[in-house]
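Single-letter residue listing:
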Amino acid sequence: MKIDNSNLFFSKAQKLIPGGVNSPVRACKSVGCDPLFVKKAAGSKIIDVDNNEFIDFVCSWGPMILGHNHPKVVTAIQQALENGTSYGAPTPLEIELAEMVINAFPAMDKVRFVSSGTEATMSAIRLARGYTGKKVVVKFDGCYHGHADSFLVQAGSGVITLGIPGSPGVPDDIVKNTISIPYNDFETLEKTLADESLEIACVIIEPVAGNMGVVPPTEGFLEKLRELTTEHNIVLIFDEVINGFRLAPGGAQSRFNIAPDMTCLGKIIGGGLPVGAYGGKKEIMSQIAPEGPVYQAGTLSGNPLAMAAGIATLQVLAEPGFYDRLEAKAESFAAELQKLADKYLPGETTLNRVGSMMTTFFNPGPVVDFKSAMKSDTERYGRFFREMLMRGIWLAPSQFEAAFISDAHSQEDLAQALEMTESSFKKIKK
Ligand code: KE4
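The paragraphs below set out a description of the structure included in this document. (Residues numbered from 1 in each chain as written. Predicted model: local features only at pLDDT ≥ 70, side-chain atom pairs only at ≥ 80, totals over all residues. Heavy atoms only, no water.)

Points about the site of the ligand
Of all residues adjacent to the ligand, which total 17 residues, the nearest are Ser-23, Thr-118, Asn-211, Asp-239 and Glu-401. Between the ligand and the protein, one listed contact pairs an oxygen atom with a backbone N or O atom of Gly-117 at 3.0 Å. Contacts to the ligand include Asn-211, whose side-chain N or O atom sits 2.5 Å from a nitrogen atom. With the chains in place, 86% of the 540 Å² that the ligand exposes on its own is no longer accessible. The residue inventory of the shell around the ligand, partitioned by class, reads five nonpolar, eight polar and four charged. (Near = heavy atom within 4 Å. Polar contact = N/O pair within 3.5 Å; in protein donor to acceptor, adjacent residues only side chain to side chain. Areas by Shrake-Rupley, 256 points an atom, 1.4 Å probe, with all protein chains shown as cover. Nonpolar A, V, L, I, M, F, W, Y, C, P; charged D, E, K, R; others polar.)

As structure tokens, then:
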């Protein structure tokens, strides 16, 4: 595969941008190769600067559930563009997207738009601290909520991909107010939340974890979390930046029928443009400036182009049969994938899937939390990643991320991906 132009761009980028990338996981460090630079994308395909074409299972880390450059999204952005790009003043588009989000998430009375998932979660925990007057945040090992200081403790995604324990630059007196406990560990959860001396303001969780690879909640875990946070007056925040509009129109909370006190969204609601959001019960949201004293702001919050892209995306998602179609496609793909794993790598892999997000762990399993996920053979994943890339399949450059199926993945794409998986499995067989 010719990658001369990517190599040229990468060496140039490294002189100007740290690591040559604007987000660490894109550097492909953990999968033993240099990143390919993208020229364009459409539908299920990505084309790099050397005109190599790939079937894309990263989907921009989740947002591209419709596939790239969906015509309705492109048209919506073009129409918004004719009116300008940013005003720093409210627009009717923000009301339209807020209505769509609140209709889909009944646990939200009000929502605030921001420009990234990190901004959403960072603001949500500040609000929870302001609302409760308490300071400790509880998170779960392997869950990633963006790169705000309070979250860089036993985080997932790029933090574990790069094998960094937390991050330099985060002062100890910030870290000491974050407690990270094992995901799916009922006993530790019960003990931690019952300890009133901890003054816990909130618990934040990815209801279906995607950032240690896909790890679903154990039966009853989310229910127990809801019960305990209610009992101990702790704000329960569902970080649905990945799960929201991915696992169902109402995200994980509708799939598992749990009502959190606050929800964070991102990715899909921006249709590929920068949007994040946080929302919840009005008695909590009323504490946010200018209605209340807890400050949060953003120059490009509610950006009209991003709002238009989000509205168009959610309109397509609302079309009858969308999620049934996506679910069926993902289920049959995963079943075939499992058969290949059983045939070529028996007992050496674990496939975790919820809806159209999934991870093949090179790990005998079960993979139920950060500790078990970390037993994965990341070197072998790297070999698998490179074999698939050479065969035209674009996977996440990390064992600890999710693969996504989009509405744009055709049966031919999925058949091709399975065929390439088979030949890649054969290649990496011990
Ligand atoms: P952003 O700030 O990257 O928009 O969102 C942070 C975030 C918050 N919550 C969850 C559950 C997330 O998954 C993320 C970001 N996800 C990663 C990949 N899993 C973004 C990819 C990257 O960092 O380049």
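Okay, back to it.
Examining helix H3 (residues 92–104)
Here H3 spans 19 Å end to end across 13 residues, near enough to the 18 Å set by a 1.5 Å rise per residue. Of the residues making up H3, those classed as buried are Leu-97, Ala-98, Val-101 and Ala-104. Around the axis of H3, the buried residues are gathered within 130 degrees of arc, so they sit on the same side. Opposite the buried face of H3, by more than 90 degrees, sit the exposed residues Pro-92, Ile-95 and Asn-103. Those residues of H3 hidden inside the fold are in contact with strand E4 (110–114), strand E9 (262–265) and helix H11 (304–317). (Helix = DSSP H or I, 4+ residues; strand = E, 2+ residues; numbered from the N terminus. Expected span 1.5 Å × (residues − 1). Buried < 20%, exposed > 50% of the residue type's maximum accessible area, 1.4 Å probe, protein only. Arc of directions from axis to C-beta. Contact = heavy atoms within 4.5 Å.)

What about the packing of aromatic side chains?
Evaluated as defined, the whole model comprises 14 aromatic pairs. Ring centres 5.3 Å apart and planes at 70 degrees place the aromatic pair Phe-322 and Tyr-323 in the edge-to-face group. Of the two residues, Phe-322 and Tyr-323, both sit in the buried class. Ring centres 6.1 Å apart and planes at 65 degrees place the aromatic pair Phe-362 and Tyr-381 in the edge-to-face group. Within this pair, whereas Phe-362 is found in the loop between strand E12 (357–361) and helix H13 (370–373), its partner Tyr-381 is found in helix H14 (residues 378–390), the two being separated by 19 residues in sequence. The exposure class assigned to Phe-362 is buried, which follows from its relative accessible area of 3%. On the basis of relative accessible area, Tyr-381 is assigned to the buried category, the value being 7%. The rings of Phe-140, Tyr-183, Phe-186 and Phe-221 are connected pair by pair, giving a single aromatic cluster. (Phe/Tyr/Trp six-rings, centres within 6.5 Å; stacked < 30°, edge-to-face > 60°.)

Things to note about the environment of Glu-422
With respect to the element layout, Glu-422 can be found in helix H15 (residues 411–428). Note: C-alpha distance between Glu-422 and Thr-188 (234 residues apart in sequence) is 41 Å. Once residues lying within four places of it in the same chain are set aside, the contact partners of Glu-422 are Leu-340, Lys-343 and Tyr-344.

With respect to the state of the cysteines
Per the stated rule, a full pass over the model turns up zero disulfides. We note that Cys-28 lacks a disulfide partner, and the nearest cysteine sulfur, in Cys-33, lies 4.6 Å from it. The closest cysteine sulfur to the non-disulfide-bonded Cys-264 is located on Cys-202, 9.4 Å from its own sulfur. (Disulfide = S-S within 2.5 Å.)

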